[in-house]
Amino acid sequence: MIDPFEPYATEPYSDFHDPHVVDGFRAEIEAVRGRLGQDWPLVIGGEQVVTGQWIASHDPSVSDRLVGRAAAAGPDEIGRAFQAAQRAQVGWGALPMVHRARALVKLAAVMRRRKWELAAWEVFEASKNYLEAEADVAEAIDFCEYYARQAMDLDDRLETYPYPGEENTLTLQPLGVGVVIPPWNFLLAILTGTTVAPVVAGNAVILKPSPKTPIIAGLFMRMLDEAGFPPGVVNLLTGEDAVLGDALVDDARTRFINFTGSVATGMRIHERAAKVQPGQHFLKKTFLEMGGKDGMIVDETADLDAAADAAVAAAFGFQGQKCSAMSRLIAVAEIHDALVDKVVARAERLELGAAEDNADVCAVIDQVQYDKILGYIARAKETATAVLGGEAGPNGGWYVKPTIFTDVQPDDELAQEEVFGPVVAVLRARDFDHALEIANSTRYALTGGLFTRLRDRIERARREFRVGNLYINRKITGSLVGIQPFGGFDMSGTNAKAGGPDYLRLFLEAKTVTERY
Ligand code: NAD
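Residues numbered from 1 in each chain as written. Predicted model: local features only at pLDDT ≥ 70, side-chain atom pairs only at ≥ 80, totals over all residues. Heavy atoms only, no water.

**Focus: the packing of helix 5 (residues 130–153) against helix 6 (residues 189–200)**
- Interhelical geometry of helix 5 versus helix 6 gives an angle of 15° and a closest axis separation of 8 Å. With respect to their mutual orientation, helix 5 and helix 6 come out roughly parallel. When the axes of helix 5 and helix 6 are compared, the crossing they make is right-handed. Every residue of helix 6 that contacts helix 5 at Asp 136, Glu 139, Ala 140, Phe 143, Cys 144, Tyr 147 and Ala 151 is listed here: Ala 189, Thr 192, Gly 193, Val 196, Ala 197 and Val 200.
- Tallied by class, residues from the contact of helix 5 with helix 6 come to 9 nonpolar, 2 polar and 2 charged. (Axes fitted to C-alpha atoms, helices over the stretch in contact; angles between N-to-C directions. Helix = DSSP H or I, 4+ residues; strand = E, 2+ residues; numbered from the N terminus. Parallel < 35°, antiparallel > 145°, perpendicular 65-115°, else oblique. Left-handed = near helix turned anticlockwise from the far one by under 90°. Contact = heavy atoms within 4.5 Å. Nonpolar A, V, L, I, M, F, W, Y, C, P; charged D, E, K, R; others polar.)

Structure, rendered in structure tokens:
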């Protein structure tokens, strides 16, 4: 089929060094500030539903500022959402692929027109600075554009060998109704990507966003409406995890679960979804993208300035709250001290402050995460050396100072567990071999990186560095849709490779038809 859309290209970013650009974005922040504190309903079968129960979303940078309240769903709403999704899926799944692909391109256009408005909401709801907020919206747009084009490739029958006297076709069909469970950290991008992929494939979904960032989900539903998605194709259930999480996963009507989040929740979903419930006549599929303990190796031949720039960007961008964040810096002994000096010197210059003021490092998402990070820091202080930070920032928001520990041993908690905050463990390796051994010594295998000038080491890392996304001589965060398909191995998840050419295939099943003439 001829591709009906213009060629795919990633969404450009604004230059926030330009004062005019900054002024323009600040005006958008002011406009959104005037809309904070509103109530946001559930959306079931296209209808706005309120339940009388609410969950509150606060600005992490100014923690008593209410961003909004989202309706809290209960068992009745779960039942209604499944009914609405099942009804809608029949018609939606029967449409030609190009019809659904066009809906995604339209959604991308709606988001593009409202790019700064959406980014401004992220400043308040997730404490993302301007660059991080806009990048998240850009990624959401990229997912829509990319999956629209990928869908077109799956419309035709797949190739099989001919057989005399028979016609054989292999075609793909949607799975049915699924549940989408994204995290709060890429609040619009992952929410959008994990929703529109199964949807363009012809499925209908119940979207259950993180209770830490429910307001962006309300905005997403309004944009789906503006883009002309039929009612019931995406149903929004906000609310408490304790009420919604297990109930949606366990439900006998759930065909698949598209989850991104922590290893603990992912393992729980994996286990529960394996149980066939009464009345369930299929096996549930689960796509589980989980955490990371991402390491960057710097060897004695590396450009240390470039490595230090990359380390600081990957460790402290969005306060280290990225699954891909560099939380382990693995330095070969010969350059360890020089590298640490350079990294600390750069990290010292990072400004800690409110996202609305576009600080380099802003508040972490909420008190739970804040307490957790400070707990890791307190325990690390017993054995390692804090060469930067190591304490909370100013009151009023959930601020943690950028923190760097040296003298961390490979088996230490700080070298093994995902902290999900602005905390780096520096590990000293005897040589490159030892560095690679340390890099591969956690249960996670999501992102990793190597700074070196030696070709043979690059080739070895390509083969032996066990991560789903390996970056050579650059920062280890910031994968681009359609360019660096994303997802890890081992306890980092099922390696769905979001933004990659195989992703949509996960939400389709293949049917072979043989007709003998
Ligand atoms: P989380 O596991 O706490 O929550 C993720 C989602 O699961 C949320 O929507 C949450 O409400 C929901 N949830 C919680 N309990 C549930 C239950 N019992 N049943 C069903 N759903 C439940 O994770 P988080 O704090 O939102 O996100 C941070 C984690 O996500 C980090 O570990 C990070 O590394 C990971 N992450 C991974 C990727 C990736 O692509 N591999 C991308 C982004 C984030």
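Now that the structure has been shown, we can carry on.
**Quick word on the site of the ligand**
- Close to the ligand lie 29 residues; Pro 182, Asp 241, Ser 262, Thr 265 and Glu 418 are nearest.
- Gly 261 is positioned such that a nitrogen or oxygen atom in its backbone is 3.2 Å from an oxygen atom of the ligand.
- Between the ligand and Arg 268, the relevant distance is 3.5 Å, taken from a nitrogen atom to a side-chain nitrogen or oxygen of the residue.
- Coverage of the ligand by the protein chains reaches 90% of its 840 Å² of free accessible surface.
- Elements that contribute at least two residues to the shell around the ligand include exactly helix 8 (241–250), strand 10 (256–260) and helix 9 (263–274). (Near = heavy atom within 4 Å. Polar contact = N/O pair within 3.5 Å; in protein donor to acceptor, adjacent residues only side chain to side chain. Areas by Shrake-Rupley, 256 points an atom, 1.4 Å probe, with all protein chains shown as cover.)

**Quick notes on the nonpolar core**
- The biggest cluster of nonpolar side chains holds 90 residues, and the ones touching the most others in it are Leu 107, Trp 121, Tyr 147, Phe 220 and Phe 229.
- Broken down by element, this core gets its largest block of residues, 12 residues, from helix 5.
- Beyond its immediate stretch of four places on either side in the chain, Tyr 147 contacts Leu 104, Gly 193, Val 196, Ala 197, Val 200, Ala 498, Gly 499, Tyr 503 and Leu 504. (Core = buried A, V, L, I, M, F, W, Y, C linked by side-chain atoms within 4.5 Å. Buried < 20%, exposed > 50% of the residue type's maximum accessible area, 1.4 Å probe, protein only.)

**Notes on unusual backbone geometry**
- Despite not being glycine, Ser 127 shows a phi value in the positive range, around 60°.
- Mapped onto the elements of the fold, Ser 127 is located in the loop between helix 4 (115–126) and helix 5.
- The backbone of Phe 318 shows a phi angle near 50°, a positive value even though the residue is not glycine.
- Counting through the fold element by element, Phe 318 comes out in the loop between helix 10 (304–316) and strand 13 (326–332).

**A closer look at the pairing of strand 4 (residues 54–59)**
- Taking every second residue as pointing to the same face, the buried face of strand 4 carries Ile 55, Ser 57 and Asp 59, while none of Trp 54, Ala 56 and His 58 on the other face is buried.
- Across 6 bridges, the pairing between strand 4 and strand 5 (residues 62–71) is antiparallel. The partner of Trp 54 across the bridge, within strand 5, is Ala 71.
- Hairpin remark: strand 4 followed by strand 5, antiparallel, with 2 residues in the connecting loop. (Pairing = 2+ DSSP bridges.)

Any functional reading would require information that these geometric values do not contain.
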